Amino acid sequence: MSEDPQSSEIYALLDDEYARAILTSTETTAKSAKELSDECNASLPTIYRRTERLIDCGLLEEQTKLEDEGHHHSVYKARLKRLTIELENNELTIDVEERPAEKMADRFTNMWGEI
């Protein structure tokens, strides 16, 4: 049985407790690495490694959040909406339904709203 590398990576990520915790924590609200570290009880390097893998698979997106005085930092938001695994003809297939990426105009409006 041969799997595409993307499916293998998704299976591996879903087997990881930190990756699952990041996805569930960021379902409705974008969060910083520090917030995720506190919520997931994981080190910052662990959070950064998992967020990078989740972003590479299209399950998480990185956004820039502006703070007072022009400072900014990254926050993360889940893109995964639904994941379906099927067994058919002796093969497992995975189908990932992602939430639409936030439009640039919406991000710009939200940025100005935070200022």
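The sections below set out a description of the structure shown in this document. (Residues numbered from 1 in each chain as written. Predicted model: local features only at pLDDT ≥ 70, side-chain atom pairs only at ≥ 80, totals over all residues. Heavy atoms only, no water.)

We now examine the nonpolar core. With 18 residues, the main nonpolar core has Ile22, Leu23, Ile47, Leu54 and Leu59 as its most contacted residues. Secondary structure elements with two or more residues in this core: helix 1 (5–14), helix 2 (17–25), helix 3 (33–40), helix 4 (44–56) and strand 3 (72–78). Residues contacting Leu54, with those up to four places away along its chain left out, are Leu13, Ala19, Ile22, Leu23, Leu59 and Leu60. (Core = buried A, V, L, I, M, F, W, Y, C linked by side-chain atoms within 4.5 Å. Buried < 20%, exposed > 50% of the residue type's maximum accessible area, 1.4 Å probe, protein only. Helix = DSSP H or I, 4+ residues; strand = E, 2+ residues; numbered from the N terminus. Contact = heavy atoms within 4.5 Å.)

For the rest of this paragraph, the subject is the sheet that holds strand 1 (residues 31–32). As summarised here, the arrangement of the three strands in space is 1-3-2, forming an open sheet in which the pairing is antiparallel. Each edge of the open sheet is held by one strand with a lone partner, namely strand 1 and strand 2 (60–66). One ladder, built from seven bridges, connects strand 2 with strand 3; its direction is antiparallel. Directly across from Glu62, in strand 3, lies its bridge partner Tyr76. Those strands touched by helix 4 are strand 2 and strand 3, and its axis lies near 115 degrees from that of strand 2. (Pairing = 2+ DSSP bridges. Axes fitted to C-alpha atoms, helices over the stretch in contact; angles between N-to-C directions.)

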